[in-house]
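Architecture at a glance
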Amino acid sequence: MRGQALPVWHPTRLNSRYHHALHLAGVVLDGASPEHQAGGLRIDGYLFNMNKLFEDFLTVALREAYRGSDRSCRFQDPHHLDEAHEIRMKPDLYGPGGEPQAVVDAKYKAEKPDGYPDVDLYQMLAYCTALGLSEGHLVYAKGNAPHAAHHVRHAGIVIHQHALDLDQLPADLVAAVGDLARLMARDLPG
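Below or above, wherever it landed, is the structure these notes cover. Note that the coordinates shown come from a computational prediction; the quantities given were computed from them, not determined experimentally.

Glancing now at the overall build of the chain. When helices and strands are counted, the chain shows four helices and seven strands. Mapped from its N terminus to its C terminus, the chain presents α and β elements in the order α-α-β-β-β-β-α-β-β-β-α. Looking at the chain as a whole, 33% of its 190 residues qualify as buried. Long-range contacts, defined as pairs at least 24 residues apart, comprise 50% of the intrachain contacts of the chain with a sequence gap of at least 6. Total accessible area on the chain stands at roughly 12,800 Å², and carbon and sulfur atoms take up 56% of it.

Any two aromatic rings considered together are summarised by their centre-to-centre distance and by the angle between their planes. Tallying each qualifying case throughout the model produces one aromatic pair. Between the aromatic rings of Phe54 and Tyr108, the centroid separation amounts to 6.0 Å while the plane-to-plane angle is 55°, which identifies the pairing as tilted. Linking Phe54 in helix α2 (residues 50-65) with Tyr108 in strand β4 (residues 102-110), this pair joins segments that are 54 residues apart in sequence. Using a relative accessible area of 33% as the deciding quantity, one classes Tyr108 as partly exposed.

Along its twelve residues, helix α1 (residues 19-30) runs 16 Å from first to last C-alpha, staying within 8% of the 16 Å computed at 1.5 Å per residue. Just downstream of α1 lies Gly31, where phi reads positive at about 70°.

This part covers the pairing of strand β6 (residues 147-152). Each regular strand carries side chains that alternate between the two faces of the sheet. When β6 meets strand β7 (residues 157-163), the two strands line up antiparallel, connected through six bridges. Looking at the pairing, His147 lines up with His162 of β7. Counted between consecutive antiparallel strands, the loop separating β6 from β7 contains four residues, among which His154 sits at a positive phi close to 60°.

A separate point is the environment of Val103. With respect to the helices, strands and loops of the structure, Val103 is situated in strand β4. For the pair formed by Val103 and Leu138, sequence separation is 35 residues and the distance between their alpha carbons is 8.6 Å.

With 17 residues, the main nonpolar core has Phe54, Leu58, Val139, Leu164 and Val177 as its most contacted residues. Breaking this core down by element, the ones donating at least two residues are α2, β4, β5 (135-142) and α4 (170-186). Broken down by element, this core gets its largest block of residues, seven residues, from α4. In contact with Val177, not counting residues within four places along its chain, are Phe57, Leu58, Ala61, Leu62 and Leu164. Judged by nonpolar contacts, the second largest core, of twelve residues, contains Leu121, Met124, Tyr127 and Tyr140.

Cut-off values and rules
Residues numbered from 1 in each chain as written. Predicted model: local features only at pLDDT ≥ 70, side-chain atom pairs only at ≥ 80, totals over all residues. Heavy atoms only, no water. Helix = DSSP H or I, 4+ residues; strand = E, 2+ residues; numbered from the N terminus. Buried < 20%, exposed > 50% of the residue type's maximum accessible area, 1.4 Å probe, protein only. Contact = heavy atoms within 4.5 Å. Areas by Shrake-Rupley, 256 points an atom, 1.4 Å probe, with all protein chains shown as cover. Phe/Tyr/Trp six-rings, centres within 6.5 Å; stacked < 30°, edge-to-face > 60°. Expected span 1.5 Å × (residues − 1). Pairing = 2+ DSSP bridges. Core = buried A, V, L, I, M, F, W, Y, C linked by side-chain atoms within 4.5 Å.

Spelled out as structure tokens, the structure:
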């Protein structure tokens, strides 16, 4: 309960599988951090895969934005680029309904000052081509402009690029994802 002291635990052979997790939980709940002291250096820490965290956040936020509608989003859904099913691809999410009608790829990186990385555009083109889609959406963690659209020559495919400003308050960030969801749904059939 809030404000009460944490329960004390003691390392034993019975809880040996949980020692690291229990130490980490204690560090987090105590609001502690690594300290540099004279002598030996010991740091208990953890890392986050920000790419995965951003993908998961965007997928869940889009799913919530579509709640109550006929639209849905799925985490990396396995597909294949080729007919022989040898080249795997996993767009971060797609929806709505059972068949893909839009594809999104989350990118936890900032747009370069002179534009987005070409490799991301080629990857999205491959997703759209293999899934038979006319629209694809790249969503970056940060960018120079909120939206850009590229019409691929001789393909009938439009690749949209969006940038989310992660330096917003949580409610504003969720609202920005809601705006993105409405923009994406506007171009979908149904």
